[in-house]
Amino acid sequence: MSDNLSKLLKQAYNHPETGLSDDIWRVIKLKQARNLKMQSLSYSLIGVLSLGGFVFMSFYLKEQFALSGFFEYVSLAFSDSGAVALYWKEYLLSLADSVPIASLGASAFLLLSMLISVKKIVHQYKSQLLLNQN
């Protein structure tokens, strides 16, 4: 394939009136632009879905913290610090046990995927600007 392309480009170089090299370059640029648009759309879709999931998960996470009694354990440290100082090991174990790990992990995953999508969208946008400059 590359041998055929190199032969065509050499022939077009020798016969510039055919415009073959310009046509090939135009097709290559069109395909690159189409690929960049498809990638941008897919990253945008992933970003929007991640944002929606993150918003939903943040409300769910707040509810899970409230149901697990995490806020009550934290408020105990401010209201009765002497008991917390005396039984600090049990307090920390109870506090760690009340943390909804699965909800935190899902929220972190959605946030990370949203940030990566935004990074990729910005990169694709810059690539499209560079492609349109030439």
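How each quantity is defined
- Residues numbered from 1 in each chain as written.
- Predicted model: local features only at pLDDT ≥ 70, side-chain atom pairs only at ≥ 80, totals over all residues.
- Heavy atoms only, no water.
- Helix = DSSP H or I, 4+ residues; strand = E, 2+ residues; numbered from the N terminus.
- Expected span 1.5 Å × (residues − 1).
- Buried < 20%, exposed > 50% of the residue type's maximum accessible area, 1.4 Å probe, protein only.
- Patch = residues over 30% accessible without salt bridge, like charges linked within 9 Å, V, L, I, M, F, W, Y side chains within 5 Å.
- Areas by Shrake-Rupley, 256 points an atom, 1.4 Å probe, with all protein chains shown as cover.
- Salt bridge = Lys/Arg side-chain N within 4 Å of Asp/Glu carboxyl O.
- Phe/Tyr/Trp six-rings, centres within 6.5 Å; stacked < 30°, edge-to-face > 60°.

Asks: What is the right way to look at helix H2 (residues 20-68) in this model?
Replies: Given 3.6 residues per turn, any residue in an α-helix points the same way as the ones three and four places further on. Taking 1.5 Å per residue, 49 residues should reach 72 Å; H2 reaches 70 Å between its end C-alpha atoms and fits that length. Those residues of H2 that sit buried are Ile-24, Lys-29, Leu-36, Ser-40, Gly-47, Ser-50, Gly-53, Met-57, Leu-61 and Phe-65. Positioned one or two residues after H2, Gly-69 has a phi angle of 85°, which is positive.

Asks: Explain a nonpolar patch on the surface to me, please; I cannot follow it from the model alone.
Replies: Together, Leu-51, Val-55 and Phe-59 line one region of the surface with nonpolar side chains, adding up to about 300 Å² of accessible area. Following the sequence through the fold, Phe-59 ends up in helix H2.

Asks: What is the right way to read the packing of aromatic side chains from this model?
Replies: To describe a pair of aromatic rings, you give the distance between the ring centres and the angle between the ring planes. Following the criterion strictly, the structure yields three aromatic pairs and no others. Ring geometry for Phe-65 against Phe-70: centres 4.9 Å apart, planes inclined by 55°, an arrangement best described as tilted. The same class applies to Phe-65 and to Phe-70, which are both buried. Between the aromatic rings of Phe-70 and Phe-71, the centroid separation amounts to 6.1 Å while the plane-to-plane angle is 70°, which identifies the pairing as edge-to-face. Given the relative accessible area of 44%, Phe-71 is considered partly exposed. Each member of the aromatic cluster is reached from another via a ring pair, and the members are Phe-65, Phe-70 and Phe-71.

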